[in-house]
Structures are given as structure tokens and as C-alpha cells.
Amino acid sequence: MLPSKRVLTSAPSLVRLSSSSENSGGRRRPVIPDGPSLEDFIRMDREKEQHPLKLEKGMSRLRLPPWLKVDMMHVADQNPHYVKMKKQLKGLKLATVCQEARCPNIGDCWGGGEESPSTATIMLMGDTCTRGCRFCSVKTARNPGALDPDEPLNTAKAIAAWGVEYVVLTSVDRDDIPDGGASHIAQTVECLKQEVPKILVECLVPDFSGRHESVERVVTSNLDVYAHNMETVRRLTPYVRDPRAKYDQSLGTLEFAKKTRPSLVTKTSLMLGLGETDEEIMQTMKDLRNAGVDALTFGQYMQPTKRHLKVKEFVTPEKFDEWKARGDELGFLYVASGPLVRSSYKAGEFFLKGVVEGRRRAEEKKAAASGVSNN
């Protein structure tokens, strides 16, 4: 009997001809061999997707892993509330970070859901920053120009018309303004609370060059969450952030905000994948807890353009889960950790929203009791 012969091609062979396979008339016929199975094809696909997660010497840059590939084209189809909010946004003249940064979580945040109300992040004080951090693609200038004095009220009215339950107000750095823009941000919060008393407001603010009076102006504006991003660990701060942004300076503003108003929820965010070590992340978390920071988010650093810092590592979803567990163990009130998580990701998640509302009610009761005793 002659041995079987395979037909060799560049692709996996699915059919072979066998001289030993004959029908009743003695004629040869093709038979299905013991070729590649479904598992083989799945394995080959996985092998194609397997690529380095850490930048090694001689590599130009890392390829995007599967868990960071998000289909933005069908967000609207998946969430009708997102479509509604997008239509409402037209004509309101609001600059949302969500759209301008093409955030992959826009569907989750705008659409809301069972675990969180709809939220949005609004940019104040223009689109030009006085600092040049090496991870950020926002335009920079030494003197971006005067602030719009009507922006606080106009923004408040627009947000009131939009109908969101939780809003994040953020801004560029404005070192060219004496108070860093603190009064402008505070006025926006105050106008917003007048227009929509029940809305919850989170302010993601600059470090104000460490000026306590600027921090205090924002803290006492009746906001609900004071946020300032540390961005990275101590060792990498001079390399990642603008030279004017210092690790202890940022940490100090968060600590001062908490001491000024202890019931206020304080929050920060860290990017992973810039070359930090586990020990450095852990030490930063301990520093934050010692400063009284309540909420912490972890997200993957993504290189915005070729001119910016390269990604040193793509951190796996499992590793992000580990950091959330560590944060919970350290006693953070709230930890959001994941490759696509950003500082304002689902900012109004019900758990945090409930904490904020509870603390606000306690403040109001305390103030009312104090008023009665003074009378």
C-alpha cells in the first residue's frame, strides 16, 4: 500500500488526496484528513495577537493590545440615551472633554445605566494651557488670553438645560492668572448650584502652583468633589509632567482641601504604563491615604501623538484588578481601576454619589444646628 500524499499550500491543508482511498469501483477519491481543527485556528489567532506588553531596547513602540481596541462607531447604536444627550449638546456651546478627547468611555458616561447616572466633563477657561506636560496633547501658550467673564453663568445655564445629574468641571492650567483661575472655577460652581441646586459637581482642578488661597476659594464654592490628578509616581513626575508641576505640591493641595473641609470628597488619578514599578505605585497610594484622599482611579497611559511620551508598558486588565484590591485594602472610599478608566470615568457612580449626598446632608444638618444654637 502506498503512503498518503499531502497537497502542500501556504495555508493549512484542508483536503488531501489518498491513493489508498478507493470506492467500490476502484477509483481514487479525495478524503478529509486529520487536518487543523477549530482549536488550531483559535490558537493561530491567539498567536497573532500575542505581542510584547513592555517596551524593550530596540523597539520603536508597542502594538495596541486587544483589550484597548474600542469600537467607537457603534456607541450611538448601543445607547439611545447617548444619542439624546448628543442632540441636546448641539447649540448649548459647551466644550466637553468627552468629545474633544474622543474618550472611549463616552457611551458609558453619557448613557448612564443601572449603576450610575449620566455624567459629562466640561472644559473651562479655554483650550490652551500654560504648561506642557509630556503626556498631554492640549495646546500650550505662555499667555492664552483673557478669560470670558460670562462663561460661569453661560456654562451653568447650558448644563441646567442639558439635564445631567452629575457634572465634572475641569480646566487647563492658567499660570498667567494671579489665582490660577480659581475664582473663575468657583463662580461657575456657584452659578450652577443656583441654577440646579440638586446637581452634584466635581471639580478637576490644577495645582494652582500650590497656593492655598486658590484651593480654598474652590473648596468653599459649594462643590461636592475636589479632584486633582497626581498623574504618576514621585520618580517620574519631573519626566512626565511640566517642571512647574511637582509631586509634593500636588499632594499638598489635596491634603489642604481635605483639612479645609473634612467632609469634602477628595479624588485623584494615576496613569499606568509610564515605567513605574509596583513598589512606587504602592508608595504613592500610601502617600495619598496619608493626605486624606478618598477616591482614586487607575487608567492606562495612551500616547496621544508621536511627539509625546511612548507607552512603556500595556498593563493587563488583571493587574488593574489587583490595584483596585490594593486600594480597597488601604481604605480608599472608592477605587476605579481599568485600562480604559479615566479620571472622570463614571464619576457619578451610585456608590460615590450616595456618599457625596450623605455627606452633604450631614453638612446641612450641622449648619442648621449651629444656626439654632447661635440664636
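Residues numbered from 1 in each chain as written. Predicted model: local features only at pLDDT ≥ 70, side-chain atom pairs only at ≥ 80, totals over all residues. Heavy atoms only, no water.

> Can you break down the overall build of the protein chain residue by residue, with the values?
Within the protein chain one finds 13 helices and 11 strands. Split into buried and exposed, the 375 residues of the protein chain put 45% on the buried side. When the accessible surface of the protein chain is totalled, it reaches about 20,000 Å², and 52% of it is carbon and sulfur. (Helix = DSSP H or I, 4+ residues; strand = E, 2+ residues; numbered from the N terminus. Buried < 20%, exposed > 50% of the residue type's maximum accessible area, 1.4 Å probe, protein only. Areas by Shrake-Rupley, 256 points an atom, 1.4 Å probe, with all protein chains shown as cover.)

> Explain helix H10 (residues 247–260) residue by residue, including any values.
Residues lying three or four places apart along an α-helix face the same way, a consequence of the helix completing one turn every 3.6 residues. Here H10 contains 14 residues, and its C-alpha end-to-end distance of 20 Å stays within 8% of the 20 Å for a straight helix at 1.5 Å per residue. If you check which residues of H10 are buried, you get Tyr 247, Gln 249, Ser 250, Leu 251, Thr 253, Leu 254, Ala 257 and Lys 258. (Expected span 1.5 Å × (residues − 1).)

> Describe the packing of helix H8 (residues 212–219) against H10, listing the residues and the values that go with them.
Between H8 and H10, the least distance of the axes is 10 Å, while the angle of their chain directions is 50 degrees. Classed by the angle they form, the pair H8 and H10 counts as oblique. In the crossing of H8 with H10, the sense of the turn from one axis to the other is right-handed. Touching His 212, Val 215, Glu 216 and Val 219 of H8 are Thr 253, Phe 256, Ala 257 and Thr 260, all from H10. Its residues assigned to classes, the contact of H8 with H10 shows 4 nonpolar, 3 polar and 1 charged. (Axes fitted to C-alpha atoms, helices over the stretch in contact; angles between N-to-C directions. Parallel < 35°, antiparallel > 145°, perpendicular 65-115°, else oblique. Left-handed = near helix turned anticlockwise from the far one by under 90°. Contact = heavy atoms within 4.5 Å. Nonpolar A, V, L, I, M, F, W, Y, C, P; charged D, E, K, R; others polar.)

> Please set out the nonpolar core residue by residue, giving values where relevant.
If you look at the biggest cluster of nonpolar residues, it comprises 62 residues, and the most contacted ones within it are Val 167, Leu 169, Cys 203, Val 218, Tyr 226 and Phe 298. Sorting elements by how many residues they give to this core places helix H7 (residues 182–195) first, with 5 residues. When sequence neighbours within four positions are dropped, the list of residues in contact with Val 218 reads Ala 182, Ile 185, Ala 186, Cys 203, Val 205, Phe 208, Leu 223 and Tyr 226. One finds Leu 200, Ala 227, Ala 295 and Ala 336 within the second-largest nonpolar core, a separate group that totals 14 residues. (Core = buried A, V, L, I, M, F, W, Y, C linked by side-chain atoms within 4.5 Å.)

> Any details on the pairing of strand E6 (residues 166–171)? Residues and values, ideally.
With 6 of 6 residues buried, E6 lies mostly within the body of the structure. Every second residue of E6 is oriented toward a common face, with Tyr 166, Val 168 and Thr 170 on one face and Val 167, Leu 169 and Ser 171 on the other, all of them buried. When strand E3 (residues 119–124) meets E6, the two strands line up parallel, connected through 6 bridges. Note that in E6 the partner of Ile 122 across the bridge is Leu 169. (Pairing = 2+ DSSP bridges.)

> Please provide a residue-by-residue account of the sheet that holds strand E11 (residues 334–337), values included.
The 7 strands are arranged E3-E6-E7-E8-E9-E10-E11 in an open sheet whose pairing can be described as parallel. Both outer strands of the open sheet, E3 and E11, are each paired with one neighbouring strand and no more. Taking the axes of each pair of neighbouring strands and ignoring which way they run, one obtains an average angle of 20 degrees across the sheet. Packing against the sheet, H10 makes contact with strand E8 (225–227) and strand E9 (265–272), and its axis sits at approximately 160 degrees to E9.

> An account of the pairing of E11 is needed here, citing residue identities and associated values.
Side chains of E11 alternate between two faces, with Tyr 334 and Ala 336 and Val 335 and Ser 337 buried alike. Note: strand E10 (residues 295–300) against E11, 4 bridges, orientation parallel. Bridged to Phe 298 within E11 is Ser 337. Each parallel crossover has a hand, and the one from E10 via helix H12 (residues 317–330) to E11 is right-handed. (Right-handed = clockwise from strand over helix to strand, strands pointing away.)

> Which residues make up H12, and what values go with them?
Helix length check: H12, at 14 residues, gives a terminal C-alpha distance of 20 Å against a target of 20 Å (1.5 Å per residue), a fit within 8%. Positive phi appears at Gly 331, one or two residues downstream of H12, with a value of about 100 degrees.

> Which residues make up unusual backbone geometry, and what are the values?
The phi torsion at Phe 208 lies on the positive side, around 50 degrees, for a residue other than glycine. In this structure, Phe 208 sits in the loop between strand E7 (200–204) and H8. Overall, the relative accessible area of 2% leaves Phe 208 in the buried class. One non-glycine residue with positive phi stands out, namely Ser 209, at about 55 degrees. According to the relative accessible area criterion, Ser 209 is partly exposed, its value standing at 33%.

> Before we move on, can you summarise the UniProt feature "binding site: [4Fe-4S] cluster 2" (unreviewed entry) in the protein chain with the specific residues and values?
UniProt records the feature "binding site: [4Fe-4S] cluster 2" (unreviewed entry) for Cys 129, Cys 133 and Cys 136 in the present numbering. Those residues in contact with Cys 133 that lie beyond four places of it in its chain are Val 240, Arg 241, Asp 242 and His 308. Checked against the element boundaries, Cys 136 lands in the loop between strand E4 (128–129) and strand E5 (139–140). (UniProt positions renumbered as here; feature names shortened; annotations may be inferred.)

> I'd love a proper account of the environment of Lys 198, names of residues and values included.
As for its position among the elements, Lys 198 is in the loop between H7 and E7. With relative accessibility at 77%, the residue Lys 198 sits in the exposed group. Sequence spacing of Lys 198 and Tyr 166 is 32 residues, and the spatial spacing of their C-alpha atoms is 9.3 Å.

> So what about the confidence of the model for the protein chain? Which residues, and what values?
A low pLDDT means the predicted coordinates there should not be read in detail. Of the residues in the protein chain, 72% reach a pLDDT of 70 or more, and the chain-wide mean stands at 81. Note that residues 1–22 has pLDDT below 50 and, in this model, 35 contacts with residues that lie over four places away or in other chains. (pLDDT = per-residue confidence, 0-100.)

> A description of the pattern of salt bridges should follow, citing residues and the corresponding values.
Applying the stated rule across the entire model yields 21 salt bridges. As a salt-bridge pair, Lys 157 and Glu 195 come within 3.4 Å of each other at their nearest N and O atoms. Taken together, the residues Lys 157 in helix H6 (residues 151–162) and Glu 195 in helix H7 connect sequence positions 38 residues apart. Given the relative accessible area of 43%, Lys 157 is considered partly exposed. A residue is classified by how much of its surface remains accessible, and Glu 195, at 34% relative accessible area, is partly exposed. (Salt bridge = Lys/Arg side-chain N within 4 Å of Asp/Glu carboxyl O.)

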